[in-house]
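Coordinates in review
Take a look at the letters that make up each chain.
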Amino acid sequence: MRRWATFARILAPTRSRHYSSPPPAKSTSDPFSLLAPQLAELRHSLLSLLDSGHPRLSEITRYYFLHPSKQIRPIIVLLFSRATNGLGRHWEHKLWAAQTHGAGGHADELDWPLTRPDILNDWNPSKPTCTSPFNSSPFTIRPRAPHRPSPPHRHPHPSTHEPKLYDAEYILPTQKRLAQIVEMMHTASLLHDDVIDESALRRGQPSAPAAFGNKFSILGGNFVLGRASAALSRLGDPEVTDLIASILSNLVEGEILQTKAVETDGPTEPAELPGEPLTKIQDAWNIYLQKTYLKTASLMAKGARAAVILGGCKEGDIWREIAYAYGRNLGIAFQLVDDILDYDSAAATLGKPGGADLQLGLTTGPALYAWEEHPDMGTLISRKFQGPGDIEKNDPLKPLTSQARNFVAHSSALQRTRELAQKYADKAKEVLEQLPESDAKNALEALADRVIQRRS
Amino acid sequence: MLSRNEMRYRHQQWMRRLRAYRTAAAWPTSLVAGDLDRLRSSLLGLLGTAHPTLSEIAQCNASDTRGQFRPLLVLLFSHATNGLGSSWPTKQRDALLEDPAAALDSPLTRPDILNVPHPSTPTHAASFAGVFDLHPAGLDAPPPAPAPAPAPTAYIPALASPSCLLPTQRRLAQIVEMIHIAAVFHDEVNDNDSVGTSTSAGAGAPFLDGFGNLLPILSGDFLLGRVSTALARLGEAEAFELLATVLANQAEGDMLRVHDTDTYLRKTYLRTASLVAKGARATAILGGCAHDTAIWRDVAYAYGRNVGFAYQLVEDTLRGPARARVTGPVLFAAEEHPELRPLIRRDLADEGDVEQARDYVSRSHGVERTRALALSYAEKAREALAFLPNSEHKSALDVLAHAAATRTWL
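**Things to note about the overall build of chain B**
Within chain B, the regular secondary structure consists of 17 helices and 0 strands. Here the contacts in chain B between residues at least 6 apart in sequence split such that 75% fall between residues at least 24 apart.

**Overview of the packing of aromatic side chains**
All chains considered together, the criterion is met by 18 aromatic pairs over all chains. Taking 6.1 Å as the distance between ring centres and 35° as the angle between the ring planes, the aromatic pair formed by Phe-134 of chain A and Phe-309 of chain B counts as tilted. With Phe-134 of chain A in the loop between helix H6 (117–120) and helix H7 (173–196) and Phe-309 of chain B in helix H12 (residues 296–319), the pair connects residues from two separate chains. Judged by its relative accessible area of 1%, Phe-309 of chain B falls in the buried class. Taking the centre distance of 4.0 Å and the plane angle of 5° together, the rings of Phe-69 of chain B and Tyr-311 of chain B count as stacked. Here Phe-69 of chain B, found in helix H4 (residues 69–81), pairs with Tyr-311 of chain B, found in helix H12; they are 242 residues apart in sequence, far enough to count as distant. Here Phe-69 of chain B matches Tyr-311 of chain B in class, with each residue buried.

**What to know about the side chain of Ser-207 of chain A**
Residue and element names in this part refer to chain A. Summarising the element assignment, Ser-207 is placed in the loop between strand E2 (205–206) and helix H8 (208–212). Within polar-contact distance, the side chain of Ser-207 engages the backbone oxygen of Ser-199 at 2.6 Å. Excluding residues within four positions of it along the chain, Ser-207 makes contact with Tyr-63, Tyr-64, Asp-194, Ser-199, Ala-200, Leu-201 and Arg-202.

**Some words on the interface of chain B and chain A**
Taken together, the contact between chain B and chain A spans 77 residues of the former and 81 residues of the latter. For the pair chain B and chain A, the summed buried surface comes to about 7,000 Å²; carbon and sulfur atoms form 65% of the total. Linking chain B with chain A are 4 salt bridges, by the criterion used here. The partner of Arg-226 of chain B in a salt bridge is Glu-253 of chain A, with the nearest N and O atoms 2.9 Å apart. Along the contact surface separating chain B from chain A lie 20 residue pairs in polar contact (both at pLDDT 80 or more). For the side of chain B that touches chain A, the secondary structure elements donating two or more residues are helix H7 (111–114), helix H8 (167–187), helix H9 (214–233), helix H10 (237–255), helix H11 (261–289), H12 and helix H16 (366–385) of chain B. With 14 residues, the top contributor of residues to the side of chain B that touches chain A is H10 of chain B.

**A short note on the packing of helix H3 (residues 55–66) of chain A against H7 of chain A**
All names here are of chain A. Running from N to C, H3 and H7 point in directions that differ by 105°, and their axes come no closer than 10 Å. Between H3 and H7, the interaxial angle falls into the category roughly perpendicular. Residues Ile-60, Tyr-64 and Phe-65 of H3 lie in contact with H7, whose contacting residues are Glu-183, Met-184, Thr-187, Leu-190, Leu-191 and Asp-194. Tallied by class, residues from the contact of H3 with H7 come to 6 nonpolar, 1 polar and 2 charged.

**Quick notes on unusual backbone geometry**
Glycine aside, residues mostly have negative phi, and peptide bonds are mostly found in the trans state. Residue Pro-162 of chain B is bonded to the preceding Ser-161 of chain B through a cis peptide linkage, with omega at 0°. Residue Glu-198 of chain A is not a glycine yet carries a positive backbone phi of 50°. With respect to the helices, strands and loops of the structure, Glu-198 of chain A is situated in the loop between H7 and strand E1 (201–202). One non-glycine residue, Asp-347 of chain B, lies in the positive phi region at around 60°. You can see Asp-347 of chain B is positioned in the loop between helix H14 (341–345) and helix H15 (353–362).

**Quick look at the nonpolar core**
Ranked by internal contacts, the top residues of the largest apolar core, which has 231 residues, are Phe-80, Tyr-326 and Met-377 of chain A together with Tyr-303 of chain B. Looking at this core element by element, the count peaks at 17 residues for helix H11 (residues 275–310) of chain A. When near neighbours in sequence (up to four residues on either side) are disregarded, Tyr-303 of chain B contacts Leu-73, Phe-77, Ala-381, Ala-384, Leu-385, Leu-397, Leu-400 and Ala-401 of chain B. In this structure, Trp-91, Leu-95, Tyr-166 and Leu-172 of chain A belong to the second largest nonpolar core, which totals 5 residues.

**What about the environment of Leu-289 of chain A?**
Mapping Leu-289 of chain A onto the fold places it in helix H11. Sequence separation of Leu-289 of chain A and Leu-420 of chain A is 131 residues, and the distance between their C-alpha atoms is 12 Å.

**Description of the environment of Asp-262 of chain B**
Looking at the secondary structure, you find Asp-262 of chain B in helix H11. For the pair Asp-262 of chain B and Leu-39 of chain B, spaced 223 residues apart in the sequence, the C-alpha separation amounts to 36 Å.

**As for the pattern of salt bridges**
Applying the stated criterion to the full structure yields 41 salt bridges over all chains. Residues Glu-321 of chain A and Arg-305 of chain A are paired through a salt bridge, measuring 3.5 Å at the closest nitrogen-oxygen approach. Residue Glu-321 of chain A is located in helix H12 (residues 318–344), and its partner Arg-305 of chain A is located in helix H11; the two are separated by 16 residues in the primary sequence. As far as burial versus exposure is concerned, Glu-321 of chain A and Arg-305 of chain A are alike and both buried. Through salt bridges with shared partners, a single network forms among Arg-116 and Asp-118 of chain A together with Arg-281 and Asp-298 of chain B.

**As for the side chain of Glu-241 of chain B**
Secondary-structure assignment places Glu-241 of chain B in helix H10. In terms of polar contacts, Glu-241 of chain B uses its side chain to reach the backbone amide nitrogen of Leu-114 of chain A, at 2.8 Å. With residues near it in sequence (within four places) discarded, Glu-241 of chain B still touches Pro-113, Leu-114, Thr-115, Leu-120, Ser-233 and Arg-234 of chain A.

**Things to note about helix H18 (residues 413–431) of chain A**
Residues and elements named next belong to chain A. With 19 residues, H18 extends 27 Å between its outermost C-alpha atoms, agreeing within 8% with the 27 Å of an ideal straight helix rising 1.5 Å per residue. All of the buried residues along H18 are Ala-413, Thr-417, Leu-420, Ala-421, Tyr-424, Ala-425, Lys-427, Ala-428 and Val-431. Along the axis of H18, the buried positions cluster into a sector of 155°, meaning they face one direction only.

**Comments concerning the confidence of the model for chain B**
All names here are of chain B. Taken residue by residue, chain B gives an average pLDDT of 81. The fraction at 70 or more is 72%. Ranking the elements of chain B by mean pLDDT puts helix H6 (residues 100–105) last, at 46, and H10 first, at 97. Note on residues 101–108: pLDDT is under 50 here. Beyond four places in sequence and across chains, it has 17 contacts. Here residues 137–145 is a poorly scored stretch, pLDDT under 50, and it has 7 contacts once near neighbours within four places are set aside; other chains count. Model confidence for the complex is summarised by a pTM of 0.86, with the ipTM given as 0.86.

**Examining the packing of H4 of chain B against H12 of chain B**
Two quantities define a packed helix pair, namely the angle between the axes and the distance from one axis to the other. Residues and elements named next belong to chain B. Two elements in contact, H4 and H12, have axes whose closest approach is 12 Å; the angle formed by their N-to-C orientations is 155°. With respect to their mutual orientation, H4 and H12 come out roughly antiparallel. In this structure, H4 crosses over H12, and the sense of that crossing is right-handed. Contacts from Phe-69, Arg-70, Leu-73 and Phe-77 in H4 reach Val-299, Ala-300, Tyr-303, Val-307 and Tyr-311 in H12.

**So, the confidence of the model for chain A**
All names here are of chain A. Looking at chain A as a whole, its pLDDT mean stands at 84, while 83% of the residues score no less than 70. Mean pLDDT across the elements of chain A ranges from a minimum in helix H1 (residues 2–11), with 45, to a maximum in helix H9 (residues 214–233), with 97. Confidence drops under a pLDDT of 50 for residues 262–275, and excluding neighbours within four residues, the segment shows 18 contacts in the predicted structure. Counting interchain partners and residues more than four positions distant, the pLDDT-below-50 stretch residues 390–400 has 18 contacts.

Cut-offs used in this document
- Residues numbered from 1 in each chain as written.
- Chains lettered and ligands numbered in written order.
- Predicted model: local features only at pLDDT ≥ 70, side-chain atom pairs only at ≥ 80, totals over all residues.
- Heavy atoms only, no water.
- Helix = DSSP H or I, 4+ residues; strand = E, 2+ residues; numbered from the N terminus.
- Contact = heavy atoms within 4.5 Å.
- Phe/Tyr/Trp six-rings, centres within 6.5 Å; stacked < 30°, edge-to-face > 60°.
- Buried < 20%, exposed > 50% of the residue type's maximum accessible area, 1.4 Å probe, protein only.
- Polar contact = N/O pair within 3.5 Å; in protein donor to acceptor, adjacent residues only side chain to side chain.
- Buried area = accessible area lost by both parts, 1.4 Å probe.
- Salt bridge = Lys/Arg side-chain N within 4 Å of Asp/Glu carboxyl O.
- Axes fitted to C-alpha atoms, helices over the stretch in contact; angles between N-to-C directions.
- Parallel < 35°, antiparallel > 145°, perpendicular 65-115°, else oblique.
- Nonpolar A, V, L, I, M, F, W, Y, C, P; charged D, E, K, R; others polar.
- Core = buried A, V, L, I, M, F, W, Y, C linked by side-chain atoms within 4.5 Å.
- Expected span 1.5 Å × (residues − 1).
- Arc of directions from axis to C-beta.
- pLDDT = per-residue confidence, 0-100.
- Left-handed = near helix turned anticlockwise from the far one by under 90°.

Here is the structure:
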């Protein structure tokens, strides 16, 4: 094992040592083109993870993967894998596990269930050797050999470890699977959110509830969640399981937070009592940012952190902290830009109806900034933009609140939101500084810029 | 398949025994009544934190002990098997070394990273006012030192005496119930309602009538979110995988259309028996049977699977057919009245189909035969129990199987 590791280091391109020589000139690494082949491969194999004996179910669960998203979440997982593989203290063990049959990290084994297929009864026609359909014959009890062989013995790795990037392009099979799991969890939440929001469109196509109905969309989301969770357990890392499993709670509680009304008692008083109105706005900001963390940033932050843990970084390694901080700041920047675009962009560019946030009664960053400059915005917010005088007179079919839009447009709200997003994106780039130089690191920086610059 | 006369005879025998043992008509809760009460109040509290309306709704169902079949099964099975698994000493030691509440709640990474409401979350971590700074690593408490490995000796399985319950198993019972309730909530979602209004009441949760789709979806999702976190914290990958597949099973089962016995049994397994079977198996695993070649996990699975079938078949006889709910009595009635077949093929969707189906069922042996089938499953469950050493909890499980198959109440 040791020889292999040394050999690999010789073959790998020379990397400047961490903390010493100046970094090489930065190449522009576009994250999307850098990973395009991997993303295509992952999406293709992800479809097979969702196959079932029920054609309609398979159709629904795969629906959102057929019109691919920006895939920013798996990109973060893959990039952080490349940017940190080799740095963690237990990297050698992880590499060994990925290259040795029976150690639990090999690509062939990630589909192997922990329990016998005839008990799980989670039939997948694309994986006929690992799964089994329900059989109504009686279940017999008899002693059986262990379902999975014990892992092969391994020489203990050296006690000292030198953090050094392993390879520009290598990603562990477990990390690839994690990227798929993260995308599956995101999709499961979309399937539910589109029912809750009654969205007709997603990425320019009919949404799942529009195409299949509410009930089936909810069930489809549950199915994807079930498959993602089963795949998670097979990664064999309890800490990663804990981290990723907690994301679901975050997503739901973010959704619940979002549906609660922003607490206001009507229009804020003008500057006579400067303290009080500011507190209400500050509270509203805290709720909004917390909701944004829970619904958007948490998955990115924890996905990145989990990728680094799968690469062998243990407690005490700075790399997992960097990953989490990057994901969290990037996620918030991402959502802020999303909220700007909802006011700023037409449906055709966006792929989903613009002005959706106002229609749903949601108060986002731009609305909050506008409130700081126009106290009457507070009333509109507390009424969730519904009510007389708020209806767009020009277009009776699509009631929007013209006043709210006007407040936002006639203030520095959009500009200030953009600045706030930039601040988060800059912080994301800043935390990357402690990573050794690599194409992946450059791509992560470029990703932060792309998030800010996007128009859809 | 037994002949109709034989089935009728068996059914009469059981009914005779039922009358003789009055306590068999109710769930055998006395041995675990305290745990069941605590489970119920904890679940009520949890629902209340999600949404105030939810706890009001849940209060209406609070007094209903009949709805606790699943957690009861898990609790009884834990007692009946703890001590048999070769890792039992480790499990017992782990439970004793740590404060039970803390162990179940303690995350593996820092609370501010998990961001799940946690008693010890430092206040600064919950603030979202500013950009998130890098926290220096090493602030976390070090992971607990692994318990020293027990000396390798052949383990002699023996029931723990006095019988006991691990905190993880208590938590599992709660998880199983939450998965069930989440499914009931999600069952309420329909295609006709918009998010804000409702036109119809569901058979499973009529208390949600009038709330539209939003509340059922969010409530179900809320429970599944907590389930996901709690499952991970049980610290047992096999148990996590088992219950994850239940979610996939239930979704598939809900979509399945029944048109013959085969699809009916498959749907019943996916929707009902799977959760019961895997819950029982998971509790055996938590009790230390994870890596055994011994049969305890399989016994648990066989018992749970068969009781799950018995339970659902009887429930189907008590509920009767409904639109998109073709069940045992209807299928058996169709064998005597072929005119029912086209109705089955269209899932009882047309106007008047349900009434017609009910009529045919009442004029046939559909209910009797379904109940007889339920009894045969209960019999298989009781056969599985024979592998376990005798105990009062094993007897209670015997009564439970019997009650599942013979009860006359929902």
